[in-house]
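# Examining the three-dimensional arrangement
Chain residues, written in single-letter form:
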Amino acid sequence: MYKCHERMEAQEWSVVKCFDLIYINPEKIVLMQSYYVTTPIYYVNDEPHLGHMYTTIAADVLARYQRLSGKDVFFLTGVDEHGQKVQQAAEKRGIAPIELADQVVERYQSLWPELEISNDDFIRTSSPRHKAGVQAMWRRLENAGTIYKGFYEDWYCVPCEAYWTETQLKDADCLASDGLETNCLESKLCPDCKRAVEKIQEESYFFRLSAFQDRLIEHIKANPDFIAPASRRNEVLSFIESGLRDLSISRTTFSWGVPVPGDEKHVIYVWIDALTNYLSALGFPDSDQPAHWPADVHLIGKDILRFHAVYWPAMLMAAELPLPKRIYAHGWWTVEGEKMSKSRGNALRPAELLAQYDADVLRYFLLREVPFGQDGDFSFSALKQRYNSELANDVGNLLNRSLAMLNKYRDGLLGAVAEENEIDRALIADAQAMQREVADYMDKQSFHLVLERINAVVRHGNRYVEDNAPWVLAKQGDDARLDTVLYHLIEMLRLVALQLLPFMPEKMAAMLEQIMNRSVTVENCSFATDGGWGVLAAGHQCRKPEPLFPRMD
Ligand code: MSP
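Here is a short report on the structure shown in this document. Note that the structure is predicted; figures quoted are calculated from it, not measured.

Before going further, it helps to spend a moment on the pairing of strand β6 (residues 147-157). In terms of strand pairing, β6 meets strand β10 (residues 198-207) through 10 bridges, oriented antiparallel. The residue of β10 that forms the bridge with Tyr148 is Phe206. Here 3 bridges tie β6 to strand β7 (residues 162-164), and the two strands are oriented antiparallel to one another. Of the residues in β7, the one forming a bridge with Cys157 is Ala162. Linking β6 back to β7 in an antiparallel pair, the connection comprises 4 residues, with Glu161 at a positive phi of about 50°.

What follows is the structure, encoded as structure tokens:
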């Protein structure tokens, strides 16, 4: 297989088209569109929790969906190992930062398969390939004349690894220790995370962020989908419009990071380091136009939007590289109404969840319960309720009763479709419309709408059973109509399972296997070959039903 990357001349930063040419045989050339999706790389000062699971599951669903759509997918996740926060966490434990990183990275790497995460690569920022990418990025910024040496004297929040000016602290509201509202400067708290900030005074290199203010505004205005959801886009615009200051991009008071090329007493600011992961994983700098760049979507949490939607695009502009197509900032989870925090000790850990629920059920719930861009609350009662009503009662039950009737009346064999009536045609039309609408919602990362739409077809299927009463048809000996009804039900369920496959890979593969009577894998399943109505032929043998979603008490 030969791959080559073709890049159209980029007049605008965002109009670079990525195609991989894949020669399957000398006569046939297949154009595959690239799809690159990323998660943030997670800090190794703490172990994975619900928030990390959430973004990674969402990215996995997109990756699986686009693979089924026939795209050449690259799905990246990884860990952010450098910076003062990680160094301090390691010091607290009396170990070297790399030892801490090695321990935590192991937790991530063993967790992702348990959650059925199908990432194509896993980037560690301590790896030589990444460090080379970061230093190359630094040199590009330097060669473009966007770096200068100066002195930084202002505030720094270690938990956020973020710089704050005196004015930003003064203008923001915080709660003082006596519970009274004060400005964050007085209480010396970070306006974002409300934890202690520290004063830094040190020599530092700066990036001319201010020089990119106008181009950033222009790009965001010209590309309405660049930052999603729309409310976040407006937030970013007003932040930029209020004036950008140059950014301090090196530190000298600790050493855990990538050294500045040519001035090794400085380490590169951890966000410059971390953001470059999206390129270093693709082989940058060795490949200047990595096949999958630009990213189709960077999925992130709302708290790290400024870094992704201001610093990162400005860096890319300076480095003369195309910008990602979209940055999607999702909301935050509370747990049973409370903010998750290390100090409260209520961070929801994956092990606790996986001990009680299948990965598929967690994946479904997290993307169904809360619209992706909004904050939401995780509660065990809500999970149980959704599971019982949507998975056990609706889809699970419809599968069971349909396969049970097919086995009871027809020994599991699909019959030929006789005449189709209005009710049949409405079901087919609904299932087909669902596929188109799901594709639109997926493009917008509107996962809850995808699931709502699929569920609507399932409810339609349940009504179809009631309206056609196959048990009556069997009793009356109306074989032609019985075959037609059972065929429509099974075919509709097959299309439902196919659309749900990215969300619940294991359960839906099992559902498809009961229907299709063969194993279902990424290699032998796609929307192109399996997405049409009528793929199952008369005479096809289905399996006996095996309950997928037993009710939870
Ligand atoms: N290392 C940086 C990201 C660098 S990307 C170039 C970082 N890491 S993090 O581990 O602190 O956070 C990773 C992600 O977890 C962020 O997107 C953040 O929004 C998300 N979440 C942390 N707590 C969360 C919730 N309670 N709910 C949902 N997501 C949350 O930031």
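Taken in spatial order, the 3 strands make up an open sheet running β19-β18-β20, and their pairing is mixed. With one partner strand each, in any of the chains shown, β19 (338-339) and β20 (376-378) form the two edges of the open sheet. Where strand β18 (residues 333-335) and β19 come together, 2 bridges link them in antiparallel fashion. If you follow Val335 over to β19, its bridge partner there is Glu338.

The next thing to look at is the site of the ligand. Close contacts around the ligand come from 23 residues, with Ile41, Asp80, Gly301, Asp303 and Trp333 the closest. The backbone of Tyr43 places a nitrogen or oxygen atom 3.1 Å from an oxygen atom of the ligand. Trp333 places a main-chain nitrogen or oxygen 2.9 Å from a nitrogen atom of the ligand. In the complex, the protein chains occlude 94% of the 680 Å² of accessible area that the ligand would expose alone.

The next point concerns the sheet that holds strand β14 (residues 259-260). Here we have 3 strands laid out as an open sheet, ordered β13-β15-β14, and antiparallel in their pairing. Single-partner strands in this sheet number two, and they are β13 (250-251) and β14. Across 2 bridges, β14 lies against strand β15 (residues 263-268) in antiparallel orientation. Within the sheet, the bridge partner assigned to Pro259 lies in β15 and is Val267.

With that settled, the discussion passes to a positive patch on the surface. A cluster of basic residues, Lys92, Arg93, Lys194, Arg195, Lys339 and Lys342, forms a positive patch on the protein surface. When you line up the elements, Lys92 lands in helix α2 (residues 84-93).

Looking at chain direction, β10 and strand β12 (residues 247-248) are connected through 2 bridges and run antiparallel. When the sheet's bridge partners are listed, Phe207 is paired in β12 with Leu247.

So, about the environment of Ser381. Here Ser381 is to be found in helix α14 (residues 380-410). The spacing of Ser381 and Glu336 is 45 residues in sequence and 9.3 Å in space, taken between C-alpha atoms.

With that settled, consider helix α15 (residues 422-443). The terminal C-alpha atoms of α15 lie 32 Å apart, and with 22 residues this matches the ideal 32 Å at 1.5 Å per residue to within 8%. Looking at α15, one finds that the buried residues are Asp424, Leu427, Ile428, Asp430, Ala431, Ala433, Met434, Gln435, Val438 and Met442. On its buried face, α15 sits against α1 (50-68), α16 (447-468) and α18 (479-500). Put simply, Asn421 is the residue that caps the front of α15, since its side-chain oxygen is 3.0 Å from the backbone nitrogen of Ile423. Directly beyond the C-terminal end of α15, a positive phi value near 55° is found at Gln445.

To continue, consider the nonpolar core. If you look at the biggest cluster of nonpolar residues, it comprises 114 residues, and the most contacted ones within it are Leu367 and Phe378. Looking at which element gives the most residues to this core, the answer is α18, with 13 residues. Here this core spans two domains, and each of domain 1 (33-142 + 275-356) and domain 3 (379-530) adds at least three residues to it. Residue contacts for Leu367: discarding those within four places in its chain leaves Tyr54, Ile57, Ala58, Val61, Phe372, Phe447, His448, Leu451 and Phe503. Phe74, Trp155, Tyr163 and Ile217 belong to the second-largest nonpolar core, a separate cluster that totals 81 residues.

This brings us to empty space enclosed by the protein. What the rule picks out here adds up to 2 cavities of 30 Å³ or more. Empty space within the second largest cavity amounts to approximately 30 Å³. Lining the second largest cavity are Gly83, Tyr156, Glu161, Arg251, Phe254, Trp256, Gly257, Val267, Ile268, Tyr269 and Val270. Within the lining of the second largest cavity, the residues separate by chemical class into 7 nonpolar, 2 polar and 2 charged.

Time to look at unusual backbone geometry. Residue Pro285 follows Phe284 across a cis peptide bond; omega there is 15°. Tracing the backbone through its elements, the reader meets Pro285 in the loop between α10 (277-280) and β16 (297-301). Here Trp293 and Pro294 are connected by a cis peptide whose omega angle stands at 5°. In this model, Glu336 sits at a positive phi of 45°, which is unusual for a non-glycine residue. As for its placement among the helices and strands, Glu336 is situated in the loop between β18 and β19. Given the relative accessible area of 44%, Glu336 is considered partly exposed. Even without a glycine there, the phi angle at Ala469 is positive, about 35°. Note on placement: Ala469 falls in the loop between α16 and α17 (470-476).

Per the stated rule, a full pass over the model turns up 33 salt bridges. A salt bridge links Arg124 to Asp102; its shortest N-O distance comes to 2.7 Å. Here Asp102 lies in helix α3 (residues 97-114) and Arg124 lies in strand β5 (residues 121-124), a separation of 22 residues in the sequence. We classify Asp102 as partly exposed; its relative accessible area is 38%. Across the salt bridge formed by Glu369 and Arg386, the nearest N and O atoms sit 2.5 Å from each other. Here Glu369, found in helix α13 (residues 359-369), pairs with Arg386, found in helix α14; they are 17 residues apart in sequence, far enough to count as distant. A relative accessible area of 23% means that Glu369 is categorised as partly exposed. We classify Arg386 as partly exposed; its relative accessible area is 21%. Because the salt bridges share partners, they merge into one network encompassing Arg368, Glu369, Arg386, Glu390 and Glu452.

Rules of the game
- Residues numbered from 1 in each chain as written.
- Predicted model: local features only at pLDDT ≥ 70, side-chain atom pairs only at ≥ 80, totals over all residues.
- Heavy atoms only, no water.
- Pairing = 2+ DSSP bridges.
- Helix = DSSP H or I, 4+ residues; strand = E, 2+ residues; numbered from the N terminus.
- Near = heavy atom within 4 Å.
- Polar contact = N/O pair within 3.5 Å; in protein donor to acceptor, adjacent residues only side chain to side chain.
- Areas by Shrake-Rupley, 256 points an atom, 1.4 Å probe, with all protein chains shown as cover.
- Patch = residues over 30% accessible without salt bridge, like charges linked within 9 Å, V, L, I, M, F, W, Y side chains within 5 Å.
- Salt bridge = Lys/Arg side-chain N within 4 Å of Asp/Glu carboxyl O.
- Lys, Arg positive; Asp, Glu negative; His and termini not counted.
- Charge placed at Lys NZ, Arg CZ, Asp CG, Glu CD.
- Expected span 1.5 Å × (residues − 1).
- Buried < 20%, exposed > 50% of the residue type's maximum accessible area, 1.4 Å probe, protein only.
- Contact = heavy atoms within 4.5 Å.
- Core = buried A, V, L, I, M, F, W, Y, C linked by side-chain atoms within 4.5 Å.
- Domains from an automatic or database assignment.
- 1 Å grid on protein atoms, 1.4 Å probe; cavity = no way out; pocket = protein on both sides within 12 Å on 5 of 7 lines; lining within 4 Å.
- Points joined across faces, edges and corners; volume = space filled by probe spheres on them.
- Nonpolar A, V, L, I, M, F, W, Y, C, P; charged D, E, K, R; others polar.

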